[in-house]
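Coordinate inspection notes
So the chains spell out like this:
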Amino acid sequence: MAAAAGTSDYYARLLQLCQTAANPSAGRSIHAHAIKVGLLVSTYLCNNLLSYYAGSGVRGGPFRDARRLFEEIAAARRNVFTWNTLLSLYAKSGRLADARSVFAEMPERDAVSWTVMVVGLNRAGRFWEAVETFLDMVGEGLTPTQFTLTNVLSSCAATEASGIGRKVHSFVVKLGLSSYVPVANSVLNMYGKFGDAETAKAVFERMPGRMDLAVSMFENMEERSIVSWNAVIAGYNQNGLDGTALKFFSLMLSDSSMEPDVFTATSVLSSCANLRTLKMGKQMHSYILRVGMPYSGQSRMTNALISMYAKSGSVETARKIMDQAVISDLNVISFTALLEGYVKLGDIKQAREIFDVMNNRDVIAWTAMIVGYQQNGQNDEAMDLFRSMIKSGPDPNSYTLAAILSACASLACLDYGEQIHCKAIRSLQEQSVSVSNAIITMYARSGSVTLARRVFDRICWCKETVTWTSMIVSLAQHGLGEEALGLFEEMLRVGVKPDRIIYIGVFSACIHAGFVDKGKAYYEQMRNEHGITPEMSHYACMVDLLARAGLLTEAQEFIQRMPVAPDAIVWGSLLSACRVQKNADLAELAAERLLSIDPDNGGAYSALANVYSACGRWKDAARIWKLKKDKAVKKETGFSWTHLHSKVHVFGADDVLHPQRDAIYKKAAEMWEEIKKAGFVPDLNSVLHDVNDELKEELLSRHSEKLAIAFGLISTPEKTTLRIMKNLRVCNDCHMAIKFISKVVEREIIVRDTTRLHHFRDGFCSCKDYW
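Residues numbered from 1 in each chain as written. Predicted model: local features only at pLDDT ≥ 70, side-chain atom pairs only at ≥ 80, totals over all residues. Heavy atoms only, no water.

1. What to know about the overall build of the chain
Applicable threshold: Think of it this way: any DSSP run of H or I at least four residues long counts as a helix, any run of E at least two long counts as a strand, and we number them from the N terminus. Any residue under 20% of the maximum accessible area for its type is buried, any over 50% is exposed, and the rest in between are partly exposed; the area is computed with a 1.4 Å probe on protein chains only. Should any heavy atoms of two residues lie within 4.5 Å, those residues are considered in contact. Computed by Shrake-Rupley with a 1.4 Å probe, the accessible areas treat only the displayed protein chains as cover when residues are assessed.
Helix and strand counts for the chain stand at 41 helices and 6 strands. Counting only residues that meet the buried cut, the chain has 49% of its 771 residues in that class. Pairs at least 24 residues apart make up 61% of the contacts formed inside the chain by residues separated by at least 6 positions. Just so you have it, the chain exposes about 36600 Å², and 52% of that area is on carbon and sulfur atoms.

2. Here's the deal with unusual backbone geometry
Residue Arg276 is not a glycine yet carries a positive backbone phi of 55 degrees. Here Arg276 lies in the loop between α16 (262–275) and α17 (278–290). When its relative accessible area of 42% is taken as the criterion, Arg276 is described as partly exposed. Even without a glycine there, the phi angle at Ala412 is positive, about 60 degrees. As for its placement among the helices and strands, Ala412 is situated in the loop between α24 (398–411) and α25 (414–426).

3. A word on the environment of His703
Mapped onto the fold, His703 is located in the loop between α39 (693–701) and α40 (704–715). For His703, a relative accessible area of 17% puts it in the buried group. Each residue touching His703, except ones within four places of it in the same chain, is listed here: Cys731 and Cys734.

4. Some remarks on helix α41 (residues 732–744)
Stated formally: Given a helix with a known number of residues, its expected span is that number minus one, times 1.5 Å.
With 13 residues, α41 should reach 18 Å at 1.5 Å per residue; the first-to-last C-alpha distance of 19 Å fits that figure. Downstream of α41 by one or two residues, Glu746 has phi in the positive range, about 55 degrees.

5. Brief notes about the pairing of strand β2 (residues 647–652)
Quick note on the threshold: Think of it this way: DSSP has to see at least two bridges between two strands before they count as a pair.
Relative to β2, strand β1 (residues 639–644) runs antiparallel, the two sharing 6 bridges. What sits directly across from Thr642, in β2, is His649. Hairpin connection from β1 to β2: 2 residues lie between these consecutive antiparallel strands, with His645 at a positive phi of about 55 degrees.

6. Side note on the environment of Ala663
Position of Ala663 relative to the elements: it lies in helix α38 (residues 661–677). Take Ala663: its relative accessible area is 38%, and that puts it in the partly exposed class. In sequence terms Ala663 and Ile714 are 51 residues apart; their C-alpha atoms lie 8.0 Å from each other.

7. Here's the deal with the state of the cysteines
Short version of the rule: The disulfide definition used here is simple: a pair of cysteine sulfur atoms within 2.5 Å.
Considering all chains together, one arrives at 0 disulfides under this definition. Cys578 takes part in no disulfide bond, and the closest cysteine sulfur to it belongs to Cys615, at a distance of 9.5 Å. Looking at the unpaired Cys765, the closest cysteine sulfur is the one in Cys767, lying at 3.4 Å.

8. As for the pairing of strand β4 (residues 749–752)
Our working definition: By definition, the crossover connecting two strands over a helix is right-handed if that path, from the first strand to the second, turns clockwise as seen with the strands pointing away from the viewer.
The two faces of β4 match: Ile749 and Val751 on one face and Ile750 and Arg752 on the other face are all buried. When strand β3 (residues 722–726) meets β4, the two strands line up parallel, connected through 4 bridges. Directly across from Ile724, in β4, lies its bridge partner Val751. In terms of handedness, the path from β3 via α41 over to β4 forms a crossover that is right-handed. As judged from the 4 bridges shared by β4 and strand β5 (residues 757–761), these two strands associate in the antiparallel manner. Each residue of the ladder has a partner; that of Arg752, found in β5, is Leu757. Remark: 4 residues form the turn of the hairpin made by β4 and β5, two consecutive strands paired antiparallel.

9. Topic: the pattern of salt bridges
The test is simple: Definition used for salt bridges: Asp or Glu carboxyl oxygen within 4 Å of a side-chain nitrogen of Lys or Arg.
Taken as a whole and judged by the stated rule, the model has 24 salt bridges. A salt bridge links Arg100 to Glu129; the nearest nitrogen and oxygen atoms lie 2.9 Å apart. Of the two residues, Arg100 is situated in helix α6 (residues 96–105) and Glu129 in helix α8 (residues 127–139); the sequence distance between them amounts to 29 residues. Residue classification places Arg100 among the partly exposed positions, given a relative accessible area of 35%. Residue class for Glu129 comes out partly exposed when judged on its relative accessible area of 25%. In this structure, the salt-bridge partner of Arg623 is Asp620, at a minimum N-O distance of 3.5 Å. Here Arg623 and its partner Asp620 are both found in helix α37 (residues 618–630), 3 residues apart, which amounts to about one turn of the helix.

10. A closer look at the sheet that holds β3
Pairing within the open sheet is mixed, and its 6 strands lie in the order β2-β1-β3-β4-β5-β6. Sheet topology places β2 and β6 (764–765) at the edges, where each strand pairs with a single neighbour.

11. A few points about the nonpolar core
Across soluble globular proteins, nonpolar side chains show a tendency to be buried alongside one another. Note the cut-off: We define the nonpolar core as a collection of buried residues of types Ala, Val, Leu, Ile, Met, Phe, Trp, Tyr and Cys that are connected through side-chain atoms lying within 4.5 Å of one another.
Within the largest apolar cluster, 149 residues are counted, with the highest numbers of intra-cluster contacts made by Leu338, Leu339, Tyr503 and Leu574. Top contributing element to this core by residue count: α24, with 9 residues. Listed in part, the 31 residues of the second largest apolar core include Phe651, Ile675, Leu707 and Ile741.

12. Observations regarding the UniProt feature "repeat: PPR" (unreviewed entry) in the chain
Selection rule: UniProt positions are given in the numbering used here, feature names are shortened, and annotations may be inferred rather than shown by experiment.
Mapped onto this numbering, the UniProt entry gives "repeat: PPR" (unreviewed entry) at residues 79–113, 331–361, 362–396 and 464–498. In residues 79–113, helix accounts for 74% and strand for 0%; the two terminal C-alpha atoms are 12 Å from one another. Helix and strand shares over residues 362–396 are 77% and 0% respectively, and the end C-alpha atoms of the span are 10 Å apart.

13. Quick word on the side chain of Gln429
Going by this rule: Polar contact is the term for a pair of N or O atoms within 3.5 Å; when the atoms are in protein, one must be able to donate a hydrogen and the other to accept it, and sequence-neighboring residues count only if both atoms are side-chain atoms.
Along the polypeptide, Gln429 turns up in the loop between α25 and α26 (433–445). Overall, Gln429 belongs to the buried group, its relative accessible area being 16%. A distance of 3.2 Å separates a polar side-chain atom of Gln429 from the backbone oxygen of Pro396.

So this is what it looks like as C-alpha cells:
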C-alpha cells in the first residue's frame, strides 16, 4: 500500500506539471496509465485528475471529461475537494444552472463551496442572488474568506444594498481584514457608490495605500463635498505625498466654493511640516485666526501647528503655542517635533526640558534626545539616557543603536559597545546599513580593527559604498595602509562604484603610510577613470600627503595650481608639516594665509610658535605667544581620557583634580624613571617654553596621556590592554615614551589622537614613527 501511495503521489505531481506544460494533453496518457496499473483507487490521484480536466484546455472541452471522471469516482471516495472542483468548473464558466445542481447534491459544504457560488453569481451579474447566498452561508455558521467578502461587497455596491453592506463591513472588521488591501478597496468602493463620503474617508485613512483608487473615485464624483476633498488631501498627506496634498488643497480653493475646515487645516499643516514649508504653514495659521477657526481645545490642530513650526525651524513660535496649550491635549508627535527643533539649534537643555515633560515617550522621542546628546559631544549623557531607555523605555530601533554606537566610538567604550553589538544581533538590526557601519567604526575607533574587519567580512548582505568606506578609513587610521588600499582594489573588482567620500579614505591610507606615488596615482584615477571632480577635501589630502613626506615645495606648488582658493584646512596641513621639517619661512607664509581666513584660529599661532621653538628661535616664539595673548585668541586645551569600569576618566597636563591623583603621580614618576633606565631620552624640544632642562623634563613627565596611562596601570590587571584617547596630536616625547612604557610594563597600549590610532607593543608603534 505504501508503494501504491508513493506512486499515486508521483502521478499527481506529473498531472500538476501538465497544467503548465507545453503539451497539456499529456494528462490523458497519465490517466490511461493510472487506470492500467490500478491506481484510481486513490482519492488524492482522482482529485488531481479532476482538477487537471477542469483546468486544462484539452480538445472537446473540460466539462464532459470532468463529469465522466466524477461519475467514475465511487460515491464513498468523493470528498469535499472532489465536489468543490466540479462546482468551481461550472461556476467559473458561467454555467450556473449546473453549478446550482451540483451545489444542491453536495453531501457536505465548506466555506470554499459557498464562496465559489457567491463569486460565480457576482461575476454573472446576479448580485441579489450573490447577497442572498452570502446570508445563507453566514446563517449556516461558516466564516467568510476575503474572496467571499470582496465579491459580496461588490454585489452590495451594485445593488446599493447599504444596510446589508454595512453588516458585511462589520464582518470585515470582526475578522481583522480591514488592512487587507483588496477587501479595504471593496469597502471603499461600496461606500463611494452609496454616496457616503464621510465613511469612505474614514475607511481610506485606515488603508495602507491605493491613492489611485481614491483619486479615481474622487474624479468620478458628480458633487464633491468638503468631506471628499478632505479625504483625498489627507490620503496624500498620510501616504507621504505632501506636495500633491498641497496641490489638491490649492485646487480646492480655486476650483470650488469650499471653505477649509479643521480637518483640511490639520492635513495641510501636516504636509507643510513634512516639507518644511514655513511660508505656507504661516498662511494656513493666519487663515485659521482670520476666520476664527477654533483650535484652543482642538488637540489635533494644536499639535499640527506645533509640529509645523518646530519642523520648519521656527522653534520659539512652536514653544509659545505649546505653552498656551493644555499639556494633556498634546501628543508625542508635536513634542518630538519641538524636541528635534531644539536639537537642531544645539539647545540641548531646552530639548531635555521638553523630553522630561513628555508622556508616553515613543522610540522616536528617545532616539531624538539620544542623537541630540551624541551630535553635540555629550556622549556620557547619551549613554546614561540609553541605559534609562533600556530599563524603562521602548525597544531601541536601528537609529537609536547607530547613535549610541557612535557615542561608544567617541569615548572608546569597547566593553559597552560590544554589549550594544550583541543587542543588535539579537534584534536582527545588525543588518541595518547604519548599524553595521556604526559597529565597524565603534570597534575601529576603540582600538580593535580586527573585530571591525570581522564584522565587515561577516556582512553577507549587499555592502554599500559607505560600508567599504568605513572599513577602508578604519584600516588607514590604524596604520594598515597596504590593507586599506588592497580592500579598495577588491571593492573595484566586485563592481562597487567609488564616490568622492571613499577617495578621502583612500588618500588617508596613503597619507598615514607615506605612499606618495600611490596617492598621486589614485588622485588621477579619481579624476580620469571615475570622473569625480576634486573638492576642497581632496585638495587638502594631497597637500597633507606631500607635506608630511617632506615635499614642501611640491605641496606649495600644488596649492598654487588649485583651481579654487585654498581653505584653512589646506594651509593648516602645510603649516603642521613645516614644524617637522623645521621650515620657518614657509610656516610664516602658511600661518599668514591661514589667519587671513580664520583670524581666531588659535592653532595657527601655536603651530607657528612651535616651528620657531623647534628651530631654536625662542624670541620669535615668545613674540607669537604674546601676540596670541594680546589678541585674546584661545587655543584648544589638550586632554586625554580613558574608559574604565563604566566611567570616563579625563586628565589634563599637571592634572590635580582626579580623586586618585596622589597614586597616579606616584606611578607616573616611577614609570618615568623606569623607562629612562631602559634607555629613554626625553625630547626636550617638545617643550615649547624657554625654561631650564629640569623643568622641561618635569613638564614632559606629566603630559595628559602619561597620566592616563599611569591611572590605567594602577587600575587594571597585568597584561590588560590600555586604551587612551587624546583630543590633540600626540607629541614626539610622549610617542617615544609610550614605546618604552609598552616594553617595560609588557602591555599593549593603544592611543587614539586626532589623526590616527597608535598601537604600542614591545617597544614599537604601528605607525612606524610616521604620523
